[in-house]
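Below, each chain spelled out in residue letters.
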Amino acid sequence: MSRRFARLVLGIVLAVAVLNVPAAVTAPSAEAACRPALKSLTLARSTVAGGTSTTATIRLTCRTPRRAKVQLWASTGIRVPAYVYVAGGRSTRVVTVRTSPTTVRSSGRVKAVYRQVVRRAALVRTVTPCYPTPVPTAVALPAYVHAGQRATGTVTLDCVARTSLAVSLTSSSSWVTVPGTLTILAGRRTASFTAVTKAPAVGTLPAFNVTIRATRNGKSAARAMQVRPEIRAFRAGDRFTVNEPILTPDGPDGWVSGTLRITLDHPAPPGGLDVKGSVVPEGRTWTEVPIHLDSYPPDSRVADHLTITDSAGNVLLDEDFTYIVHPAP
């Protein structure tokens, strides 16, 4: 009987001991049971001036039992480390996000990756404020211009001018002139100017390159432009050529018709030209006029007359000419 009683007492003691063991010993804690995942990526500021910094907070779903490696990525103009660690026993990590200066407003992203979970945050870079004052960063010009013509150029500053300011312009050739000073108005980053090219009074100017430079506060930007030989307008004494038109039957009465193309060796001047009753606009060098003959010429040669007058009524050319025609196949 005493042995049975002893066993009963031992059982009761063991049961009480089990019931009084701390929960932390009998079962894993909630933190130890949590398998951390990437919960969020947030920025302290979603809009910053280019060239300044902000911070990003990486947050896990729970405290990581050991340090966790989180990979980072950012758009062009935004810089973050390739990766950071969230320390063991922590659930967050703050990272510095740096940006590059910019002359235009631009949008980008920061991305965090942990255990194949991706979180993103958008970041906008605004135009970098000027310091200490705007300076030229670019000069835009056409690739080429013909001597005697004008070209429009544009100067761009590194940022918006707070007050109207002056930029100096220079040309590397005496054949191309530009204004000595270009004013860029307050609130603007660009201004346009006109480059005037000259043509020689006699002869033809060979092609050459000219460099236009914009300078302010010791900083400058430049652009080269090719100046090609001048395009002289058609004038008295200049010549022309014609094609050899194909004549086709025009009705049952023996008439034939075709198109005569007249090409000038210089383009029409301002106001255009009247060439054999057809208008050649300024800058153009050819026109087409219809021809009608009562029969196909036996020797395939046609005699005709050509008059060319300018917009003021001045006769630049008045002469007979001949051209060869061909019958339609």
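Residues numbered from 1 in each chain as written. Predicted model: local features only at pLDDT ≥ 70, side-chain atom pairs only at ≥ 80, totals over all residues. Heavy atoms only, no water.

Caption draft 1: Here's a closer look at the overall build of the protein. Scanning the protein from N- to C-terminus turns up three helices and 27 strands. In the protein, which comprises 329 residues, the proportion classed as buried is 34%. As displayed, the protein offers around 19,400 Å² of accessible surface, 53% of which is attributable to carbon and sulfur atoms. (Helix = DSSP H or I, 4+ residues; strand = E, 2+ residues; numbered from the N terminus. Buried < 20%, exposed > 50% of the residue type's maximum accessible area, 1.4 Å probe, protein only. Areas by Shrake-Rupley, 256 points an atom, 1.4 Å probe, with all protein chains shown as cover.)

Caption draft 2: Seen up close, the pairing of strand 7 (residues 92-99). As defined by bridge partners, strand 3 (residues 53-60) adjoins strand 7 across seven bridges and the pair is classed as antiparallel. Looking at strand 7, one finds that T57 is bridged to V94. (Pairing = 2+ DSSP bridges.)

Caption draft 3: Fine view of the pairing of strand 4 (residues 68-74). Of the two faces of strand 4, the one holding A68, V70, L72 and A74 is buried and the one holding K69, Q71 and W73 is not buried anywhere. Here four bridges tie strand 4 to strand 6 (residues 83-86), and the two strands are oriented antiparallel to one another. Note on strand 6: the bridge partner recorded for K69 is Y85. As paired elements, strand 4 and strand 8 (residues 106-114) share four bridges and run antiparallel to each other. Counterpart to W73 in the pairing with strand 8 is K111.

Caption draft 4: The arrangement of the pattern of salt bridges in detail. Overall, the coordinates contain four salt bridges when judged by the stated rule. Taking the shortest distance from any N to any O, the salt bridge between R232 and D238 comes out at 3.0 Å. Judged by relative accessible area, R232 falls into the partly exposed class, the value being 25%. Put simply, R261 and E288 hold a salt bridge, and the shortest N to O gap is 3.2 Å. Here R261, found in strand 21 (residues 256-264), pairs with E288, found in strand 24 (residues 286-293); they are 27 residues apart in sequence, far enough to count as distant. For E288, a relative accessible area of 42% puts it in the partly exposed group. (Salt bridge = Lys/Arg side-chain N within 4 Å of Asp/Glu carboxyl O.)

Caption draft 5: Representation of the packing of aromatic side chains in the model. Counting across every chain of the model gives three aromatic pairs. Geometrically, the ring pair formed by Y83 and Y85 is edge-to-face, given 5.8 Å between the ring centres and 80 degrees between the ring planes. By relative accessible area, which is 41% here, Y83 ends up partly exposed. The class of Y85 is partly exposed, set by a relative accessible area of 28%. (Phe/Tyr/Trp six-rings, centres within 6.5 Å; stacked < 30°, edge-to-face > 60°.)

Caption draft 6: Up close: the nonpolar core. In terms of nonpolar packing, the biggest core is built from 25 residues, with V139, V155, V167, L169, I184, F193 and I212 touching the most fellow members. Elements with a minimum of two residues in this core: strand 12 (150-157), strand 13 (165-171), strand 15 (181-184), strand 16 (190-197), strand 17 (208-216) and strand 18 (219-228). Here I212 is in contact with V139, L141, T170, S171, V176, V178, F193, A221, A222 and R223, once residues within four sequence places are set aside. Residues A268, I291, L293 and Y323 belong to the second largest nonpolar core, which totals 22 residues. (Core = buried A, V, L, I, M, F, W, Y, C linked by side-chain atoms within 4.5 Å. Contact = heavy atoms within 4.5 Å.)

Caption draft 7: Local environment of the sheet that holds strand 15. Taken in spatial order, the five strands line up as 11-18-17-13-15 in an open sheet, and their pairing is mixed. The strands lining the two open edges of the sheet, one partner per strand, are strand 11 (144-146) and strand 15. For this sheet, the mean angle separating the axes of adjacent strands, direction not counted, is 30 degrees. Bridging between strand 13 and strand 15 involves four bridges; their strand directions are antiparallel. From the neighbouring strand, V167 faces strand 15, where its bridge partner is L182. (Axes fitted to C-alpha atoms, helices over the stretch in contact; angles between N-to-C directions.)

Caption draft 8: How the structure looks around the side chain of S257. As for its placement among the helices and strands, S257 is situated in strand 21. Residue classification places S257 among the buried positions, given a relative accessible area of 16%. Residues in contact with S257, not counting those within four places in the same chain, are I246, L247, T248, D250, I291 and H292.

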